[in-house]
Amino acid sequence: MAPMGGALLGFREFYPEDCALRQYIFETFRSVASTFGFEEFDGPILEPLELFAEKSGPEIAEQLFHFEDRGGRSVAMRPEMTPTLARMVGARAAALRRPIRWFSVGEQFRYERPQKGRLRAFYQMNLDLLGESAIGADGEVIAALIASLKAFGLNEKDFRLRLSDRQLWRHFLASRGVSDDGAAGILNTIDKMGREPESVSREKLCSIVSTPVAEELLRSVKELSQCTTLGALGAFFRSNGHGAAMDRLREWEELFNILTAMELAQFISIDLSVVRGLAYYTGFVFEAFECGGESRALAGGGRYDNLVKKLAGTDMPACGFAIGDVTLGNLLREKNLLPRGVCNCDFWLAFDDVNKFIALRCANLIRQKGRSVLYSLVEHLSLTKQLKFADRAGARFAVLFGFQDETGCSGENLCVLKDMRTGNSRTISINSLLEECACLT
Ligand code: HAM
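Since the structure is predicted, the reported quantities are computational estimates derived from the model, not experimental observations.

Asker: How would you explain helix α10 (residues 230-239) if you had to name every residue and give the values?
Answerer: Buried residues of α10: Leu233, Gly234, Phe236 and Phe237, and no others. Along the axis of α10, the buried residues cluster in a sector spanning 165°; they form a single face. The exposed set on the far side of α10, more than 90 degrees from its buried face, consists of Arg238 and Ser239. Residues of α10 that are buried sit in contact with α6 (166-175), α9 (211-226), α11 (243-261) and β8 (268-270).

Asker: With reference to specific residues and values, describe the packing of helix α7 (residues 180-192) against helix α8 (residues 198-206).
Answerer: Interhelical geometry of α7 versus α8 gives an angle of 175° and a closest axis separation of 10 Å. Comparing the axis directions of α7 and α8 gives the class roughly antiparallel. When α7 is examined against α8, the residues Ile186, Thr189 and Lys192 are found in contact with a partner set consisting of Ser201, Lys204 and Leu205. For the contact of α7 with α8, the residue count by class is 2 nonpolar, 2 polar and 2 charged.

Asker: Requested: an account of the environment of Thr407, with residues and values cited.
Answerer: In this fold, Thr407 is placed in helix α16 (residues 404-407). Along the primary structure Thr407 and Leu383 are separated by 24 residues, whereas in three dimensions their C-alpha atoms are 9.8 Å apart. Discounting residues that sit within four places of it in the chain, Thr407 has contacts with Leu383, Leu400, Gly402 and Val416. At 3.4 Å, the side chain of Thr407 forms a polar contact with the backbone oxygen of Gly402.

Asker: So what's going on with the packing of α6 against α7? Residues and values would help.
Answerer: Following both chains from N to C, one finds α6 and α7 inclined at 120°, their axes separated by 10 Å at the closest point. Taken together, the axes of α6 and α7 lie oblique to each other. In this structure, α6 crosses over α7, and the sense of that crossing is right-handed. Residue-level inspection shows Arg166, Trp169, Arg170 and Leu173 of α6 in contact with α7, the latter providing Asp180, Ala183, Ile186, Leu187 and Ile190. Each residue belonging to the contact of α6 with α7 can be placed in one class, and the counts come to 6 nonpolar, no polar and 3 charged.

Asker: Can you break down the domain arrangement of the protein residue by residue, with the values?
Answerer: Taken domain by domain, the protein consists of domain 1 (16-43 + 81-334) and domain 2 (347-439). Computed from C-alpha atoms alone, the centre-to-centre distance between domain 1 and domain 2 is 54 Å.

Asker: Pulling in residues and values, what's your account of the nonpolar core?
Answerer: Ranked by size, the top nonpolar core spans 72 residues in total, and within it Leu233 and Trp252 carry the most contacts. For this core, the leading source of residues is helix α5 (residues 135-151), giving 9 residues. What Leu233 contacts, discounting residues up to four positions off in sequence, is Leu168, Leu224, Cys227, Leu249, Trp252, Ile270 and Leu272. In terms of nonpolar packing, the next biggest core, distinct from the first, is built from 24 residues, Ala93, Tyr280, Leu307 and Met316 among them.

Asker: Talk me through unusual backbone geometry; I want residue IDs and the actual numbers.
Answerer: In this structure, Pro99 follows Arg98 across a cis peptide bond, with omega equal to -5°. Of note, the phi angle at Glu263 is positive, near 55°, even though the residue is not glycine. Note that Glu263 resides in the loop between α11 and β8. Residue classification places Glu263 among the exposed positions, given a relative accessible area of 59%.

Asker: Before we move on, can you summarise the pairing of strand β7 (residues 159-165) with the specific residues and values?
Answerer: In terms of burial, β7 is largely enclosed, as 5 of its 7 residues are buried. As defined by bridge partners, β7 adjoins strand β9 (residues 284-290) across 7 bridges and the pair is classed as antiparallel. Looking across to β9, one finds that Asp165 is bridged to Phe284.

Asker: Just give me the short version of helix α14 (residues 356-368), but keep the residues and values in it.
Answerer: The terminal C-alpha atoms of α14 lie 19 Å apart, and with 13 residues this matches the ideal 18 Å at 1.5 Å per residue to within 8%. Among all positions of α14, only Lys356, Ala359, Cys362, Ala363 and Ile366 are buried. Angular distribution of buried residues about the axis of α14 spans 120°; they occupy a single face of the element. Of the exposed residues in α14, the ones pointing more than 90 degrees away from its buried face are Phe357 and Gln368. Buried residues in α14 make contact with β12 (347-351), β13 (373-375), β14 (397-401) and α17 (430-436).

Calculation notes
Residues numbered from 1 in each chain as written. Predicted model: local features only at pLDDT ≥ 70, side-chain atom pairs only at ≥ 80, totals over all residues. Heavy atoms only, no water. Buried < 20%, exposed > 50% of the residue type's maximum accessible area, 1.4 Å probe, protein only. Helix = DSSP H or I, 4+ residues; strand = E, 2+ residues; numbered from the N terminus. Arc of directions from axis to C-beta. Contact = heavy atoms within 4.5 Å. Axes fitted to C-alpha atoms, helices over the stretch in contact; angles between N-to-C directions. Parallel < 35°, antiparallel > 145°, perpendicular 65-115°, else oblique. Nonpolar A, V, L, I, M, F, W, Y, C, P; charged D, E, K, R; others polar. Polar contact = N/O pair within 3.5 Å; in protein donor to acceptor, adjacent residues only side chain to side chain. Left-handed = near helix turned anticlockwise from the far one by under 90°. Domains from an automatic or database assignment. Core = buried A, V, L, I, M, F, W, Y, C linked by side-chain atoms within 4.5 Å. Pairing = 2+ DSSP bridges. Expected span 1.5 Å × (residues − 1).

In structure tokens form, the structure reads like this:
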């Protein structure tokens, strides 16, 4: 039989060292989320197809892994967490104390063309705050996103958060006579403008609005994309005359005051060309990008005030973000910010034939105290060989039982504790070893 091929395109295998790094990334995120008072939740990997087909928008719908299950139900592997979260929160809306601060870490699936930073199975670290419409909630999730990326050792030279606002866009489009229905299609087109030729964008816009309005929109998108300060945005909307947009800019000021107080403003770039591909966003939206290099998206998020209502019938404003593990992992690797292999051996026990069962008894007792223990499974090995294995395993300490000729240690209840970092050894009683082993570092 021919050997099996590799894993499916866009899917990863995790060898132990990959698992260790994945665990490091998840745990770092978990510890930041808990400093912001967020609790972990999880949901099903397989969901009804319609949960995403309608709620996530056309771009995600095209990327779904979906099929009919044996009972004839149309199901999809989850491409994101947000619709599941909205359904879960909606189902217990009356009982949950607001604001609801939840985070999750889980695998997502999108049938995309695999390329650097984009796979078909990837992990997302989601953090969402629900039940609060105040700008403070947007400030809190943005602060949590920046704190998460900083916790990996990244700084303002490594990433930026591009901030935009669907509400501002809707005010602007309304001032040009575009209906709410038309706005969704236009925002979708604006989202793709950086990646599509202008002629394609023009054609799409002309299918929604008249040619002169489409031309004006193209000009405005370019002009708005150049506005990188609150002052410039103010000047744009003043000259384009729209009061609602000017009111909204006061909320932008509030958000900046919050971020400035938390010393985070230097991470933010105003960039109205960011609109986000997902259909449910209603207010501030943002994407964290790596600076330089390929400038890939590390994370994305924003406010989605209508999704819980659509899914569960309860009014529940919400905002949040997701960090992807692929681009983040690549960036940490490039910047040399990933920790080196983790040592998972606290004690290596080396023993001669006479002391084998004494050593095994100690192995059992030390493990019961929560410390890791390894020893050679092959018998009759020299002390030198066993110490070489201890070294290779990255053991923090070696404990020598017997080997009187080499160690000079003769007492029955004695062993030699060797610090593998300093090379220093001391003879101690086995009872003291068992007492001390829990706190030796
Ligand atoms: P998203 O922008 O679609 O947002 O995804 C967030 C992040 O997931 C991206 O910035 C990227 O790092 C990662 N990601 C997305 N697709 C792939 C892929 N094919 N391969 C590798 N990484 C990928 C959302 O999913 C929203 N649900 C986020 C959210 C939470 N909004 C509010 N709350």
